[in-house]
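Residues per chain are reported as follows:
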Amino acid sequence: MSAPALHAAPRRRESTPLGRAVAKVFAVGLPWLLLGFLFLPVLVLVPVALTDREYLSLPEHGLSLQHFASLTEWETGWLPSMMTSLVIAAIATVVSVSAAAAYALGAWALTGWWPSLTRVMLLAPLIVPPIIYAVGIFKLWARFSMIDTYPGVIIVHVVLCLPFAILAIGASLAQLDPRLIQAARSLGARPPTVFYKVILPNVTPGIAAGAVFAFVTSWDEITVTLFITSRAVETLPRRIFTGIADSVDPALAAISAVLLAVTLLALAARTFWFDRSQSP
Amino acid sequence: MSFLVARDLRKTYGPVTALADIGLDVEEGEFVTLLGPSGSGKTTLLMAIAGFTRPDSGTISLAGRDITGVEPEDRDFGFVFQGYALFPHMSVADNIAFPLKVRKWDRARVDARVEEMLGTVGLADLARRKPRELSGGQQQRVAIARALAFHPKILLLDEPLSALDRTLRETMQRELKRLHRQTGVTFLYVTHDQEEAIAMSDRIAVFQKGRIVQVGAPRDLYYAPSTRFVAGFLGVNNLVDARLVRGADGAVEIEALGARVALPPGKVADLPEGPATVFMRPEDIALEPTPGEPALAIAGTVADVSFVGSFDLVVIEPRGGPEITAHLPADRTRALPVGAPITVFVRADAIGVVPNT
Ligand SMILES: Nc1ncnc2c1ncn2[C@@H]1O[C@H](COP(=O)(O)OP(=O)(O)OP(=O)(O)O)[C@@H](O)[C@H]1O
Ligand SMILES: [Mg+2]
């Protein structure tokens, strides 16, 4: 073989058969391993939820929807806590997404050192371990008598949702060319028109994605919520947590299956709206 | 009074003076180009005229009215940005309709105008496409159509062709000239490409470090640059340090590259005796003197010969100075090996003299 041909061969393609086999094991094996450990426990919930017996178990004589039915009875407590979670998640989503949108737009329009500094501050909830935050906020809320109140939980959820909303909206703003605003103005558009006709349509996918992220974050938040609630505010994850500690009611599996369905729906909606509008 | 007038414009960014005492007059319907190297303040002036940059001092007026404090959206100036800045969520037609809808034109009038503009820039088939489905040249046309649709008082263009390849750029240059003639709109055009400026403009304003150093028709700038910078920036020029010597009878002689020649009377009326800069165009350098005309005879050696088509590009190393380039007929250069001695001649009336700074 001539020397130039040797040099021309790209390095990365020169893998040995053994190297390729190892790479294949990891590239193919790891996802399956993850699938096994993540989805098997999740999927096993479905048959358990359909059990015909009175305790957490696989179905014996046949499938039954009785545990799903029990979820819809007000006295069992699942519906009220679902409502609680829904209300808290909805309010936390609206508040955090509005705040995140206002902040992201402001930081985008301005230049200088403060947007990058404040961004780090607002993304801090992603870095601070929830358990540490939980202990701290418990002390604080105890002092202000905010333990086990709706405002107390909502404020905490807003803080935890903010980074996700900011990241999603910031990502779509980062793709927005600042010269579009100048272009719109040079064409005669005043600020409201610039905002509604140019900026908003271009960040709507980001806002929608941020809302989905924020909703899901609040909807299944448990660590901090556990510390700052007891009986007055019982979110769904909290109800499940207490439920699993002191009962073997298959309704637990049923509610988990419902949660799974809701999460999958949210993810599907996100993929449909956001990813589709981002690709050419 | 001129149509667009800028007076004593100043703009500084911290220690950087982006604009220093800019004065510029543009007549209605003119095609004026702002030409200068990177960072010389062209965009800053264009942004100030568009209203996006507030000058520290000075005034801008249009048709006799002071518009220095008017917001960009109230100026009615079209602006074509370097990256086109088309609205990605709107179709081509909606992009062009945007300024018309903002002005509350009625539906039928908007549709008619959009159609007319699409025809003008030759994009009638692509009305429903999104900008990302267009090529660079097509996007450029949309941006121009959008900026012209609402009958702007002036069209400002900031290096609109710099992202296009060479052939497309030449096509678009012709297209822009046609649009200028066809619409009669005043064009203010920014570029750092001197060939583009020369090919397109009625007049060129040459920028250097935040100042306009010379304004004039392309021909005037090409043949009579007023400073060494302008002489070097327009066209390929040999710039050489020289000495100006004035005789008692008003005769002027120039001393450069170890040679000396008398200049035609009146050529350098306002230059003092002493150091000056001489420029010679490569096409004015010849292997023989023109009979009966005084010429500067430059002796040196051949440093390089390269074939470029209709002539050969010869680099000459004179005995007393820096290298100069000459365009010499190809059939004569075969006898010119690198290192051979050579003497070339420049007619006295083809020699330009500018101050040293
Ligand atoms: N917003 C700004 N902040 C700080 N400095 C700026 C700003 N805008 C321009 N400048 C400076 O002002 C000077 C002139 O810039 P300008 O953009 O007008 O140059 P230009 O002639 O358009 O150059 P180019 O050909 O590279 O576009 C430069 O030194 C630039 O760094
Ligand atoms: Mg510029």
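All values reported here derive from a predicted model rather than from experimental measurement.

## Observations concerning the overall build of chain B
Of regular secondary structure, chain B possesses 9 helices and 20 strands. When its C-alpha atoms are laid out on the principal axes, chain B stretches across 75 × 45 × 40 Å. A total of 357 residues make up chain B; the buried ones form 51% of that total. Surface exposure of chain B reaches about 16000 Å², of which carbon and sulfur atoms provide 50%. Averaging the locations of the 40 positively and 45 negatively charged side chains of chain B gives two centres separated by 5 Å.

## Quick look at the packing of helix H8 (residues 179-186) of chain A against helix H9 (residues 191-219) of chain A
How two helices pack is summed up by the angle between their axes together with the distance between the axes. All names here are of chain A. Interhelical geometry of H8 versus H9 gives an angle of 155° and a closest axis separation of 10 Å. Taken together, the axes of H8 and H9 are roughly antiparallel relative to one another. Handedness of the crossing formed by H8 with H9: right-handed. Residue-level contacts link Leu 180, Ile 181, Ala 184 and Arg 185 of H8 to Val 194, Val 198, Ile 199 and Asn 202 of H9. Here the residues of the contact of H8 with H9 sort into 6 nonpolar, 1 polar and 1 charged.

## Remarks on the confidence of the model for chain B
Averaged over every residue, the pLDDT of chain B is 90; residues scoring 70 or more account for 100%. Two summary scores accompany this predicted model of the complex, namely pTM at 0.78 and ipTM at 0.82.

## Here we look at unusual backbone geometry
All names here are of chain B. One non-glycine residue, Lys 104, lies in positive phi territory at about 60°. Taking relative accessible area as the criterion, Lys 104 reaches 71% and is therefore assigned exposed. The backbone of Lys 209 sits at a positive phi, close to 45°, despite the residue not being glycine. Within the secondary structure, Lys 209 sits in the loop between strand S9 (203-208) and strand S10 (211-216). Note on Lys 209: relative accessible area 70%, which makes it exposed.

What counts and what doesn't
- Residue positions within a chain follow its written sequence, with the count starting from 1.
- Going through the entries in the order they are written, you letter the chains from A and number the ligands from 1.
- Predicted model: local features are reported for residues with pLDDT of at least 70 only, side-chain atom pairs are reported and counted for 80 or more only, and whole-chain, interface and lining totals are derived from all residues.
- Note: side-chain values were computed over all heavy atoms of the structure, leaving out hydrogens and water.
- In this text, helices come from DSSP runs of H or I with a minimum length of four residues, and strands from runs of E with a minimum of two, each type numbered from the N-terminal end.
- Relative accessibility decides the category of a residue: with a 1.4 Å probe and only protein chains considered, values under 20% of the type maximum give buried, values over 50% give exposed, and everything between is partly exposed.
- For the accessible areas, the method is Shrake-Rupley and the probe is 1.4 Å, while residue cover comes only from the protein chains on display.
- The convention is simple: Lys and Arg are positive, Asp and Glu are negative, and His and the chain ends are not counted.
- Charge coordinates come from a single atom per side chain, which is NZ of Lys, CZ of Arg, CG of Asp or CD of Glu.
- Every axis in this analysis is a line fitted to C-alpha atoms, fitted for helices over the stretch in contact. Angles between the N-to-C directions lie between 0 and 180 degrees.
- Note on terminology: angles under 35 degrees are roughly parallel, angles over 145 are roughly antiparallel, angles of 65 to 115 are roughly perpendicular, and the others are oblique.
- For any helix crossing, the convention is left-handed if the near helix is rotated counterclockwise from the far helix by under a right angle, and right-handed if that rotation is clockwise.
- The contact rule is simple, with two residues in contact once any of their heavy atoms fall within 4.5 Å.
- Side-chain classes are defined by residue name, with Ala, Val, Leu, Ile, Met, Phe, Trp, Tyr, Cys and Pro counting as nonpolar, Asp, Glu, Lys and Arg as charged, and the others, Gly among them, as polar.
- The predictor's confidence in any single residue is recorded as pLDDT, a number from 0 to 100.

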